[in-house]
Amino acid sequence: MISDVPGIARVAAYYAEVWQTTEDVLSTETLHCIRHAGGATIGAFDGDELVGATTGLFCPDGSVYSMIAAARPGVGHPLKLAQKDWAVGLGAKSMRWTYDPLVSRNARFNLVKLGAVVTEYTVDFYGPMRDGVNDGDESDRLTVQWDLTSERETHESVPQGDVTLTAPDGEPLARTDGERIWCRVPRDIVQVRKESAALARRWREAVRGVFVEAFEQGYVATSMSREGWYELERR
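As the structure is a prediction and not an experimental result, all values here were calculated from the model.

**Focus: the overall build of the protein**
A count of helices and strands for the protein gives 6 helices and 11 strands. For 235 residues, the compact-globule estimate of 2.2 N^0.38 gives 18 Å, and the C-alpha radius of gyration of the protein, at 18 Å, lies within 12% of that figure. Taking the principal axes of its C-alpha atoms as reference, the protein extends roughly 55 × 40 × 30 Å. When each of the 235 residues of the protein is scored for burial, the buried share is 46%. In the protein, 61% of the contacts between residues at least 6 apart in sequence involve partners at least 24 apart. Accessible surface for the protein amounts to roughly 11700 Å². Of this, 50% is attributable to carbon and sulfur atoms.

Below you can see the structure in the form of structure tokens.
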């Protein structure tokens, strides 16, 4: 865990670099207050180089809320396990956080690698964001619930059933076999945003429509395929 002010300042600068902004994502002052209130910022290092960090808060219900995480490829999993160890040490039985539903690599990490489940879709969670990653897009977010007391058996999502909706690229967006729903997102939404903000917005609206309706009907998201298909099952 990082508890000294210079170390926390280094993490604040790292978060700003990852999100491509000169403004604070979480300021040194905020991170230090989080630590002082019982939260923790955990860093990952390659020698002296900071290659990943995550910050979390212990919540009144006994769970942990992971506010933010960023890491070099290959570092995210051990970093998340270190945060889990900290949480379990405090007596937490679950952890939750949010992420952009259009970022398929994060979905696969959360649902398949960690075995977490997505339970909520929030439209424009943060309101307008001005960083270099999210600027110009609405900040819809999925809420992840990770059970820290047991491991969930995960599987590869294989879309089946009839096509019910078409995606902005003209290919299938949603399928259903009558029990489960599959929803496809772009393989690389960051690249889509760079090429066409209008197309990225159409993807946002299309995926939002599938998830909001599915969650209203009692579904949760449990898997993500390598090809970008979420699998949603009834709770």
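Back to the text.
**Structural notes on the packing of aromatic side chains**
On inspection of all chains with the given rule, the structure shows 7 aromatic pairs. A cation over a ring is seen here: Lys80 above Trp97, with NZ or CZ 4.0 Å from the ring centre.

**Examining the state of the cysteines**
Tallied over the full model, the rule gives 0 disulfides. Of all cysteine sulfurs in the structure, the one in Cys59 sits closest to Cys33, which takes part in no disulfide; the separation is 17 Å.

**Concerning the nonpolar core**
Phe211, Tyr230 and Leu232 are the most contacted members of the largest nonpolar core, which totals 46 residues. The dominant element in this core, judged by the number of residues it contributes, is helix α6 (residues 197-216), at 8 residues. With residues up to four places along the chain from it excluded, the contact list for Phe211 reads Tyr121, Leu142, Cys183, Ala221, Tyr230 and Leu232. Ranked by size, the runner-up nonpolar core spans 13 residues in total, among them Val11, Ala12, Tyr15 and Trp19.

**A look at the pattern of salt bridges**
Following the criterion strictly, the structure yields 12 salt bridges and no others. Among the ionic pairs, Arg193 bridges to Asp100, the shortest N-O distance being 2.7 Å. In this pair, Arg193 is assigned in helix α5 (residues 189-195) and Asp100 in the loop between β4 (94-99) and α4 (104-113), connecting sequence segments 93 residues apart. By relative accessible area, which is 14% here, Arg193 ends up buried. The partner of Glu138 in a salt bridge is Arg208, with the nearest N and O atoms 2.9 Å apart.

**Topic: the environment of Tyr126**
Along the chain, the position of Tyr126 falls in the loop between β5 (117-122) and β6 (141-147). It is 18 Å that separates the C-alpha atoms of Tyr126 and Asn106, two residues lying 20 residues apart in sequence. The contact partners of Tyr126, leaving out residues within four places of it in the chain, are Thr98, Ser139 and Arg141.

**Concerning the side chain of Thr41**
Within the fold, Thr41 resides in strand β1 (residues 40-46). Here Thr55 takes part through its side chain, which lies 2.9 Å from a polar atom of the side chain of Thr41.

**What to know about unusual backbone geometry**
Most of the time, phi is negative for any residue but glycine, and the peptide bond is trans. The phi torsion at Gln20 lies on the positive side, around 55 degrees, for a residue other than glycine. Among the structural elements, Gln20 can be located in the loop between α1 (5-18) and α2 (28-36). Although it is not a glycine, Asp124 adopts a positive phi angle of roughly 50 degrees. Here Asp124 is to be found in the loop between β5 and β6. A relative accessible area of 27% means that Asp124 is categorised as partly exposed.

**Some words on the side chain of Asn110**
Within the secondary structure layout, Asn110 lies in helix α4. Sequence-distant contacts of Asn110, that is, excluding residues within four places in its chain, are made with Trp97, Tyr99, Gly115, Ala116 and Val144.

About the thresholds
- Residues numbered from 1 in each chain as written.
- Predicted model: local features only at pLDDT ≥ 70, side-chain atom pairs only at ≥ 80, totals over all residues.
- Heavy atoms only, no water.
- Helix = DSSP H or I, 4+ residues; strand = E, 2+ residues; numbered from the N terminus.
- Rg over C-alpha atoms; globule rule 2.2 N^0.38 Å.
- Buried < 20%, exposed > 50% of the residue type's maximum accessible area, 1.4 Å probe, protein only.
- Contact = heavy atoms within 4.5 Å.
- Areas by Shrake-Rupley, 256 points an atom, 1.4 Å probe, with all protein chains shown as cover.
- Phe/Tyr/Trp six-rings, centres within 6.5 Å; stacked < 30°, edge-to-face > 60°.
- Lys NZ or Arg CZ within 6 Å of the ring centre and 35° of its normal.
- Disulfide = S-S within 2.5 Å.
- Core = buried A, V, L, I, M, F, W, Y, C linked by side-chain atoms within 4.5 Å.
- Salt bridge = Lys/Arg side-chain N within 4 Å of Asp/Glu carboxyl O.
- Polar contact = N/O pair within 3.5 Å; in protein donor to acceptor, adjacent residues only side chain to side chain.

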